[in-house]
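Tertiary structure, described
What follows is each chain in one-letter form.
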Amino acid sequence: MLHIVDDEDVIRDSLGWLARSRGIEACGYATAQAFLDAAGARFAPEGDCVLLDVRMPDLNGVAVFDQLGARGLTARMPVIFLTGHGDVPMAVDSLKRGAFDFVEKPFNDNQLMDRVQEALEASRQAGEAARVPTGRHPHVRSARDRAGAVDRSLGQLVQPGAVRQADRPAVG
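All figures in this text were calculated on a predicted structure; none of them were measured in a lab.

Read across the sheet, five strands follow the order β2-β1-β3-β4-β5 without closing on themselves; strand pairing throughout is parallel. Two strands lie at the open edges of the sheet, namely β2 (26-29) and β5 (101-104), each paired on one side alone. The mean angle between the axes of side-by-side strands here comes to 20°, regardless of whether they run parallel or antiparallel. Pairing geometry for strand β4 (residues 79-83) and β5, over four bridges, is parallel.

Structure below.
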């Protein structure tokens, strides 16, 4: 799900149309507070990404990003900042603090949607990792699990109490 947070109707609507034309579900928010009220209520299995305008009247995008970070949501909801008023220090600071990208308006539609797809994939992977029990990956078994599997396999090959001639100690 692409969350578009921008106070300009035209930008929100055009980004929503652009996303849907690429098969990406999108939802627009006219205010930062409306987005924050909904953020994290549910996560889409295909991932979530936020296109966040830097300059908005109620809360600026950096403040929204800080609140998402304080809630621990930025891994599950990567943020791509959009701005027509950005500068290099602002972009560098945002990226250092964990933003997925920082894009200036006007932007190239294809490049922006490529970054959105990458952010959605990162979100999907973070969601999968969050569903795995702490300390365990579904494809990694512990040494104890592997040893138990080996013991069970060997137990099927060798009957309990049976000792091969070569395994008997020499009597002499």
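Still more to cover.
So, about the pairing of β2. Pairing of strand β1 (residues 2-5) with β2, which is carried by four bridges, proceeds in the parallel orientation. Bridge pairing in β2 links leucine 2 to alanine 26. Where the polypeptide runs from β1 across helix α1 (residues 9-21) and back to β2, its parallel neighbour, the crossover connection is right-handed.

Right, let's get into the packing of aromatic side chains. Applying the stated criterion to the full structure yields three aromatic pairs. Measuring from ring centre to ring centre gives 5.3 Å for tyrosine 29 and phenylalanine 35, while their planes differ by 70°; the resulting arrangement is edge-to-face. In this structure tyrosine 29 comes out as buried when scored by relative accessible area, which is 10%. Under the relative-accessibility criterion, phenylalanine 35 is labelled buried at 0%. The rings of Phe65, Phe81 and Phe102 are connected pair by pair, giving a single aromatic cluster.

Chain-level pLDDT for the chain is 81 on average; 76% of the residues reach the 70-or-more range. Considering each helix and strand of the chain separately, the mean pLDDT is smallest for helix α6 (residues 143-157), with a value of 43, and largest for α1, with 97. Low confidence marks residues 136-168, where pLDDT is under 50. Its contacts with residues over four positions away, or in another chain, come to nine contacts.

The next point concerns unusual backbone geometry. Cis rather than trans, the peptide bond between lysine 105 and proline 106 has omega equal to -5°. Position of proline 106 relative to the elements: it lies in the loop between β5 and α5 (109-131).

This paragraph deals with the environment of glutamate 46. Mapped onto the elements, glutamate 46 comes out in the loop between α2 (32-38) and β3 (49-53). Look at glutamate 46 and you get partly exposed, because its relative accessible area is 39%. Along the backbone, glutamate 46 and alanine 122 are 76 residues apart, and their C-alpha atoms lie at a distance of 9.9 Å. Other than its neighbours up to four places away in sequence, glutamate 46 contacts Met1, Glu25, Leu120 and Arg124.

Procedures and definitions
Residues numbered from 1 in each chain as written. Predicted model: local features only at pLDDT ≥ 70, side-chain atom pairs only at ≥ 80, totals over all residues. Heavy atoms only, no water. Pairing = 2+ DSSP bridges. Helix = DSSP H or I, 4+ residues; strand = E, 2+ residues; numbered from the N terminus. Axes fitted to C-alpha atoms, helices over the stretch in contact; angles between N-to-C directions. Right-handed = clockwise from strand over helix to strand, strands pointing away. Phe/Tyr/Trp six-rings, centres within 6.5 Å; stacked < 30°, edge-to-face > 60°. Buried < 20%, exposed > 50% of the residue type's maximum accessible area, 1.4 Å probe, protein only. pLDDT = per-residue confidence, 0-100. Contact = heavy atoms within 4.5 Å.

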